[in-house]
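Take a look at the letters that make up each chain.
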Amino acid sequence: MTATMTEDPKSLGENAAETSAAAPLETGKPAKPAKKEDNFFVFLIKLILVVGIFRSFFFSPFNIPSESMQPRLIDGDYLLAAKWPYGFTKYSLPFSLPLIPGRILGSHPDRGDVAIFKAPPGNDVDYIKRVIGLPGDTIQMRGGVLLLNGQPVKKDKIADFEVKVSPNTSCIQPEFMATAADGSPACHYPRFRETLPAVNGQPGKSYEVLDLGYRPQDDTPPVIVPEGRLFMMGDNRDNSMDSRFPAQEGAGIGLVPEENLVGRATIVMWSTDGSASWIKPWTWFTAARWNRIGGRF
C-alpha cells in the first residue's frame, strides 16, 4: 500500500505563520469606543443656554433709540447693563418668561441710578430713565426745579450741550440749531448740573440735565411714592415722557413698580451717528462717536 502525502510540512508552517500574523493581538482590555462628536444642533442649544444665562443674570446690551436721556445718553449709544444689582424677576429673563416667582434677591436702587425697566402699562418695552424718587419720597417740579421731599435739588448752569446733527440726531426745534467748530450743523441745548442731597453722610449723585425752557411738565403737584414703586425721570427734562405723566402705552409711564427693573447702566460700549452703511465698511469707523465709548455711569 502506498500512502500519498497531500500537504507539505513546510507549506503548513508558512500558512500557520500567515494566520498568526493576520490575527489581532489579544491584550485582555476592551476596545475603546470612538468619541461621538456633538452635532450642530446640540452645540446651538448649548450656546443659546449659555448666552441666555449670561444675559439674564450677569450683563445684557441695550441700545438707545431716543433723546430723552440727553446729555448722558444720545440716540445711537449702545450700553451694557448689570442685571444683578436690583434682584431678579421674570423681566430679567428673555421674553419675560414667567419662571421666576415675584422678585428674588431684590434691593432698592439708589437715587440717581440710570436704570432699565419694563415700561408700564404694557410692561413689554424696555425704557431707560434716572431714578429720582424712592418709596416714601415726595417728588414735585416747580418752575423747572426738582423738589425732593420739599427741598429744591441743587441746579447749576453749565456750558451748553452740543450734539452734531446726523441721521440719528436732529434738533427738537429750529431755535436750538447752531454750527459746530468744524462748520457742521449741530444742536445747542441749555445744560445744568443737578446734585442730589447727601445720603448717610455720603455726597449725593451729581449728573447733567437739559432744560429747554418752560413746559407744562415744569410745574407738577407733589407725588408721594408708595411702597414698591419708583419715580423715574429723563435727563432731557422737556423731552421725556416719564413718571410726571400717567401710564399710557407709548406715552407716560406713571410710577414704576420695582419688580419691573431689568438692570443698571454700567458702560457705553459703542456709539454711532447712524451714517454707517453695511456695504461701505469704512463708514463703520467714520460713523463712530469715539469720544462716547467707554463712558461710565
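Note that this is a predicted model, so its numbers are computed, not measured. One numbering rule holds for all chains: residues counted from 1, following each sequence as written. Only residues with pLDDT of at least 70 are given local features in this predicted model, and only at 80 or more are side-chain atom pairs given and counted; all residues enter the totals for whole chains, interfaces and linings. Computation of side-chain values: all heavy atoms of the structure, hydrogens and water removed.

## A few points about the overall build of the chain
The following threshold applies: Each helix corresponds to a stretch of at least 4 residues labelled H or I by DSSP, and each strand to a stretch of at least 2 residues labelled E; elements are numbered beginning at the N terminus. Under the scheme applied here, a residue whose accessible area is under 20% of the maximum for its type counts as buried, over 50% as exposed, and between as partly exposed, the area being computed with a 1.4 Å probe on protein chains only. Residues are treated as being in contact if the distance between any of their heavy atoms lies within 4.5 Å. To be clear on the numbers: accessible area is Shrake-Rupley with a 1.4 Å probe, and residue cover counts the displayed protein chains and nothing else.
Each helix and strand counted, the chain has three helices and 15 strands in total. In the chain, which comprises 297 residues, the share counted as buried stands at 39%. Taking as baseline every contact in the chain between residues at least 6 positions apart, the subset at least 24 positions apart corresponds to 61%. Entry remark: accessible area of the chain is about 17500 Å², with carbon and sulfur atoms responsible for 61%.

## Things to note about a nonpolar patch on the surface
Cut-off, in case you're wondering: Patch building starts from residues that exceed 30% relative accessible area and form no salt bridge, then joins like charges within 9 Å and nonpolar side chains (Val, Leu, Ile, Met, Phe, Trp, Tyr) within 5 Å. Here a salt bridge means any side-chain nitrogen of Lys or Arg lying within 4 Å of a carboxyl oxygen belonging to Asp or Glu.
Together, Y78, M269, W270, W278, I279, W284, F285 and W290 make up an exposed nonpolar region whose accessible area comes to about 990 Å². The set of elements that each furnish at least two residues to the nonpolar patch consists of strand 15 (261-271) and helix 3 (283-286). Within the secondary structure, W290 is located in the segment after helix 3.

## Some thoughts on helix 2 (residues 40-57)
Inclusion rule: Helices are assigned an expected span. That span is 1.5 Å times one less than the residue count. N or O atoms within 3.5 Å of each other form a polar contact, as long as, within protein, one can give a hydrogen and the other can take it, and as long as residues adjacent in sequence are counted only when both atoms are side-chain atoms.
Along its 18 residues, helix 2 runs 26 Å from first to last C-alpha, staying within 8% of the 26 Å computed at 1.5 Å per residue. Its side-chain oxygen at 3.1 Å from the backbone nitrogen of F41, N39 defines the N-terminal cap of helix 2.

## Overview of the packing of aromatic side chains
Aromatic ring pairs are defined here through the distance separating the ring centres and the angle between the ring planes. Rules: Whether two aromatic rings pair depends on their centres lying within 6.5 Å, for rings of Phe, Tyr and Trp, where Trp uses its six-membered ring; planes under 30 degrees apart make the pair stacked, over 60 edge-to-face, and the rest tilted.
All told, the structure shown has six aromatic pairs when counted by the stated rule. With 5.1 Å between their ring centres and 90° between their planes, F59 and W84 make a pair best called edge-to-face. Here the residue F59 occupies a position in strand 1 (residues 59-63), and W84 occupies one in the loop between strand 2 (77-82) and strand 3 (114-118), the gap between them amounting to 25 residues. A relative accessible area of 26% means that F59 is categorised as partly exposed.

## Brief notes about the environment of S166
Along the chain, S166 falls in the loop between strand 8 (154-164) and strand 9 (177-179). Distance in space between the C-alpha atoms of S166 and S275 is 7.1 Å, their sequence separation being 109 residues. Polar contacts involving the side chain of S166 include one to the main-chain carbonyl oxygen of D273, which spans 2.9 Å.

## With respect to the sheet that holds strand 6 (residues 145-148)
The line we're drawing: Between any two strands, at least two bridges found by DSSP are needed for them to pair.
Ordered by their spatial adjacency, four strands build an open sheet running 7-6-5-12, and the pairing between neighbours is antiparallel. Across the chains shown, the open sheet's two edge strands, defined by having one partner strand only, are strand 7 (151-152) and strand 12 (223-224). In this sheet, strand 6 lies alongside strand 5 (residues 138-142) in antiparallel orientation, the contact comprising four bridges. Following the sheet pairing, I139 is matched in strand 6 by L148.

## Quick look at the sheet that holds strand 4 (residues 126-133)
With antiparallel pairing, the seven strands of this open sheet are ordered in space as 1-2-15-3-4-13-14. Edge positions in the open sheet fall to strand 1 and strand 14 (256-257), since each of these has one partner strand only. Here strand 1 pairs with strand 2 via five bridges, running antiparallel. Its bridge partner lying in strand 2, N63 is registered against Y78.

## With respect to the pairing of strand 10 (residues 185-195)
As defined by bridge partners, strand 8 adjoins strand 10 across nine bridges and the pair is classed as antiparallel. Within strand 10, the residue paired with F161 across the bridge is Y189. Where strand 9 lies against strand 10, three bridges are found, and the strand directions are antiparallel. Note on strand 10: the bridge partner recorded for T179 is P185. Linking two consecutive strands that pair antiparallel, namely strand 9 and strand 10, is a turn of five residues; a positive phi of about 90° is found at G183 within it.

## A few points about unusual backbone geometry
With an omega of 10°, the peptide bond running from Q70 to P71 counts as cis. Mapping P71 onto the fold places it in the loop between strand 1 and strand 2. Of the consecutive residues P120 and P121, the connecting peptide bond is found in the cis state with omega at 0°. Structurally, the position occupied by P121 is in the loop between strand 3 and strand 4.

## A closer look at the pattern of salt bridges
Where charged atoms from two side chains of opposite charge come close, those side chains can pair. Inspection of the entire model under this criterion finds 13 salt bridges. The salt bridge partner of R292 is D77, with a shortest N-O separation of 2.9 Å. Taken together, the residues R292 in the segment after helix 3 and D77 in strand 2 connect sequence positions 215 residues apart. Its relative accessible area of 15% is what places R292 among the buried residues. By relative accessible area, D77 is classed as buried at 0%. K157 is the salt-bridge partner of D160, the closest N and O atoms lying 3.1 Å from each other. Members of the salt-bridge network, linked through shared partners, are R191, R193 and E208.

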